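Geometric and topological summary
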There are 2 protein chains.
Amino acid sequence: MAKIYVVGMGPGGEEYMTQEAAAALEASDVIAGYKVYIDLIKGRYAPLGKELLFTGMKEEEKRCELCLERALSGKTVSLICSGDAGVYGMASLMIAIAKEHPEVDIEVVAGVTAALSGSAVLGAPIGHDFCVISLSDLMTPWELIKTRLIYAAKGDFVTVIYNPSSKGRPAHFKNACDILAEYIEPSRVCGLVHNIGRDGESHEICSFAELKNKDTDMFTTVFIGNMQSKVIGGRFVTPRGYKSEER
Amino acid sequence: MAKIYVVGMGPGGEEYMTQEAAAALEASDVIAGYKVYIDLIKGRYAPLGKELLFTGMKEEEKRCELCLERALSGKTVSLICSGDAGVYGMASLMIAIAKEHPEVDIEVVAGVTAALSGSAVLGAPIGHDFCVISLSDLMTPWELIKTRLIYAAKGDFVTVIYNPSSKGRPAHFKNACDILAEYIEPSRVCGLVHNIGRDGESHEICSFAELKNKDTDMFTTVFIGNMQSKVIGGRFVTPRGYKSEER
């Protein structure tokens, strides 16, 4: 049966991939992805004779069509995604593009998304109920993003922000902080992680009041704690509710 | 330096662990965890001469204290968690319990949490903004859980429910569905995955109207789509916003 794996690679280097993900790449004749992600793995997989296919940003549909074409010609294909295969990943689009071809088996392989890998760097910010919101309004109306930010704050969720800003929308993150300021006290514990699992990884913990003046880009993941979040031993921790966490 | 890794194992078998997680276990003298999770890995690690430590449910604080004790005696320790190390995991508690011991380095190793592994089984339900809510009221007041369910629905987040019910609280999940029924239309796409990545894994896709009568237990993860979610080729998909997803 024709086969396409949609593979979550985790945040960066191969050590963050699951063994299931590595096995999918090993089993594939073709590995396709965004150029930046293909560059991360080509050192290992190009010498094995696999075809490496890439397209640029905003060429996701073309990328999926190429994968489908290769699968229909009898090749086993892995379509790789940074982080998880589903979370703002390619799984939904690949399933949609292949929908007229039930003879193509699409297997989604989960990976460690930035909410988890960034959390590990900071300590344990998402130890309790949380939500993940992307500030990219390329395909989502800004009004909906704003509504979600407000309900996340009203529900006292730990909030993880993906794509806080980019060259095309430098002010998005500051705007989001201004919206949240009505609901979140200035001392709330927050954190940022840049380039998780890649060269130049860095992180910092700050207050919500300080957050809006921090530099962010499309490789930054932002964490806003809930009302219980605190700093313990220099780490950002959201308690689950154990007595030892409160002492 | 004394070292404790808090390791997310992913959903079940070793193939779902990251290579970083496997390396942490390899490097450890002691592996500690809830008995069920130690059983999953003992076949591989007991023969390597590692000490395997376990405590039962509700003995999480004792488990962390044992880890700290072993680390202070010079052993390298891995404390393993199902799924991720942070998401309803042990990272927050381990950091809290070791806070008087800055000489102990605590390294959190992220893993694939059930929101991601379950999503991969169903297709791509969390292709857009989502939240994760546990229905366990052992340490969280039911009123807060209820508030979060309502705001998640009002914000049109894809909602992933952990711990939908257990022997001690069989009606929690039905109660949650009743609360959500005020905000979510009966035809909304939902899904359930049981025993993700373990023996007896099963899944189904259903409507929100059908959801409340489904059997759930502490090994079930429930997915409630957003207003855009749909079934494509038998898979549960939440579109990111590409035209090909709408056709």
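The shown structure was predicted, so the numbers you read here are calculated from the model rather than taken from an experiment. (Residues numbered from 1 in each chain as written. Chains lettered and ligands numbered in written order. Predicted model: local features only at pLDDT ≥ 70, side-chain atom pairs only at ≥ 80, totals over all residues. Heavy atoms only, no water.)

A closer look at the pairing of strand β4 (residues 76-81) of chain A
Residues and elements named next belong to chain A. Quick note on the threshold: Remark: exposure states derive from per-residue accessible area (1.4 Å probe, protein chains only) relative to the maximum for the residue type, with buried under 20%, exposed over 50%, and partly exposed in between. Going along the chain from the N terminus, every DSSP run of H or I of four or more residues is numbered as a helix, and every run of E of two or more is numbered as a strand. When DSSP finds two or more bridges between two strands, those strands count as paired.
Of all six residues making up β4, five are buried, and the element is well covered by its neighbours. When strand β1 (residues 2-8) meets β4, the two strands line up parallel, connected through six bridges. By the bridge assignment for β4, Tyr-5 is matched with Ser-78. Pairing geometry for strand β2 (residues 30-34) and β4, over three bridges, is parallel. Residue pairing across strands places Val-30 opposite Val-77, the latter belonging to β4.

Section: the environment of B:Asp39
Relative to the helices and strands, B:Asp39 resides in helix α2 (residues 35-45). Since its relative accessible area comes to 36%, B:Asp39 is described here as partly exposed.

Considering the interface of chain A and chain B
Note the cut-off: Whether two residues are in contact is decided by their heavy atoms: any pair within 4.5 Å suffices. As a working definition, buried area equals the accessible area (1.4 Å probe) given up by two parts on being put together, with both sides summed. Whenever a carboxyl oxygen of Asp or Glu lies within 4 Å of a side-chain nitrogen of Lys or Arg, that contact is scored as a salt bridge. Two N or O atoms count as a polar contact when they lie within 3.5 Å, although within protein this holds only if one can serve as hydrogen donor and the other as acceptor, and sequence-adjacent residues are included solely when both atoms are side-chain atoms. Think of it as three bins: nonpolar holds Ala, Val, Leu, Ile, Met, Phe, Trp, Tyr, Cys and Pro, charged holds Asp, Glu, Lys and Arg, and polar takes everything else, Gly as well.
The interface is formed by 65 residues belonging to chain A together with 64 residues belonging to chain B. Carbon and sulfur atoms make up 60% of the surface buried where chain A meets chain B, a total of about 6000 Å² over both sides. Its salt-bridge partner being A:Asp156, residue B:Arg148 comes within 3.7 Å of it at the nearest N-O pair. Linking chain A with chain B are 36 residue pairs in polar contact (both at pLDDT 80 or more), by the criterion used here. It is helix α4 (residues 91-97) of chain A that contributes the most residues to the side of chain A that touches chain B, six residues altogether. Taken together, the residues that form the side of chain A that touches chain B break down as 31 nonpolar, 18 polar and 16 charged.

Notes on the sheet that holds strand β6 (residues 123-124) of chain B
Residue and element names in this part refer to chain B. The strand order β6-β13-β12 describes an open sheet built from three strands, whose pairing is mixed. Pairing within the sheet leaves two strands with one partner each, and these edge strands are β6 and β12 (230-232). When β6 meets strand β13 (residues 235-237), the two strands line up parallel, connected through two bridges. Across the sheet, Ala-124 pairs through a bridge with Val-237, a residue of β13.

Quick word on the packing of helix α6 (residues 142-154) of chain A against helix α7 (residues 172-180) of chain A
Residues and elements named next belong to chain A. Note the cut-off: Helix axes use the C-alpha atoms of the stretch in contact, all axes being lines fitted to C-alpha atoms, and the angles between their N-to-C directions lie in the range 0 to 180 degrees. What sets the label is the angle itself: under 35 degrees gives roughly parallel, over 145 gives roughly antiparallel, 65 to 115 gives roughly perpendicular, and the rest give oblique. The handedness criterion is simple: a crossing whose near helix is rotated anticlockwise from the far helix by less than a right angle is left-handed, and one whose near helix is rotated clockwise is right-handed.
Two numbers describe how α6 lies on α7: the axes approach to 10 Å, and their chain directions differ by 45°. Taken together, the axes of α6 and α7 are oblique relative to one another. Considering only the axes of α6 and α7, their crossing is right-handed. Facing α6, whose interface residues are Trp-142, Lys-146, Leu-149, Ile-150 and Ala-153, α7 presents His-172, Asn-175, Ala-176, Ile-179 and Leu-180. Tallied by class, the residues present in the contact of α6 with α7 amount to seven nonpolar, two polar and one charged.

Points about the nonpolar core
Soluble globular proteins tend to pack their nonpolar side chains together in the buried interior. Just so we agree on the cut-off: Only buried residues count toward a nonpolar core, which is a set of Ala, Val, Leu, Ile, Met, Phe, Trp, Tyr and Cys residues joined through side-chain atoms within 4.5 Å.
In terms of nonpolar packing, the biggest core is built from 102 residues, with A:Val6, A:Met94, B:Val6 and B:Met94 touching the most fellow members. The residues contacting B:Met94, other than those within four sequence positions of it, are B:Ile4, B:Val6, B:Cys64, B:Cys67, B:Leu68, B:Leu79 and B:Ile106. Within the second largest apolar cluster, 42 residues are counted, among which are A:Leu180, B:Cys131, B:Cys177 and B:Ile184.

Let's talk about unusual backbone geometry
With phi around 50°, A:Asn195 is a residue other than glycine that occupies positive phi space. With respect to the helices, strands and loops of the structure, A:Asn195 is situated in the loop between β9 (189-194) and β10 (202-207). For B:Tyr88, which is not glycine, the phi torsion reads 50° and is therefore positive. Looking at the secondary structure, you find B:Tyr88 in the loop between β4 (76-81) and α4 (91-97). Using a relative accessible area of 16% as the deciding quantity, one classes B:Tyr88 as buried.

A closer look at a nonpolar patch on the surface
Quick reminder of the rule: Surface patches are drawn from residues lacking salt bridges whose relative accessible area is over 30%; two like charges belong together within 9 Å, two nonpolar side chains (Val, Leu, Ile, Met, Phe, Trp, Tyr) within 5 Å. Accessible surface area values rest on a Shrake-Rupley calculation with a 1.4 Å probe, where residue burial reflects the displayed protein chains alone.
On the surface, a nonpolar cluster with roughly 260 Å² of combined accessible area is contributed by A:Met57, A:Met218 and A:Phe219. Here A:Met57 lies in the loop between β3 (51-55) and α3 (60-72).

Digging into the packing of aromatic side chains
For the record, the criterion: By convention, a stacked pair of Phe, Tyr or Trp rings (six-membered ring in the case of Trp) has centres within 6.5 Å and planes under 30 degrees apart, an edge-to-face pair has planes over 60 apart, and any other such pair is tilted. A ring has a charge above it when a Lys NZ or an Arg CZ is no more than 6 Å from the ring centre and no more than 35 degrees off the ring normal.
Applying the stated criterion across every chain yields a total of six aromatic pairs over all chains. A centroid spacing of 5.3 Å and a plane angle of 55° characterise the contact between B:Tyr88 and B:Tyr162, whose relative ring orientation is tilted. With a gap of 74 residues between them, B:Tyr88 in the loop between β4 and α4 and B:Tyr162 in strand β8 (residues 158-162) connect regions that are remote in the sequence. Overall, the relative accessible area of 9% leaves B:Tyr162 in the buried class. In this structure, A:Lys35 packs its charged tip against the face of A:Phe54, placed 5.3 Å from the ring centre.

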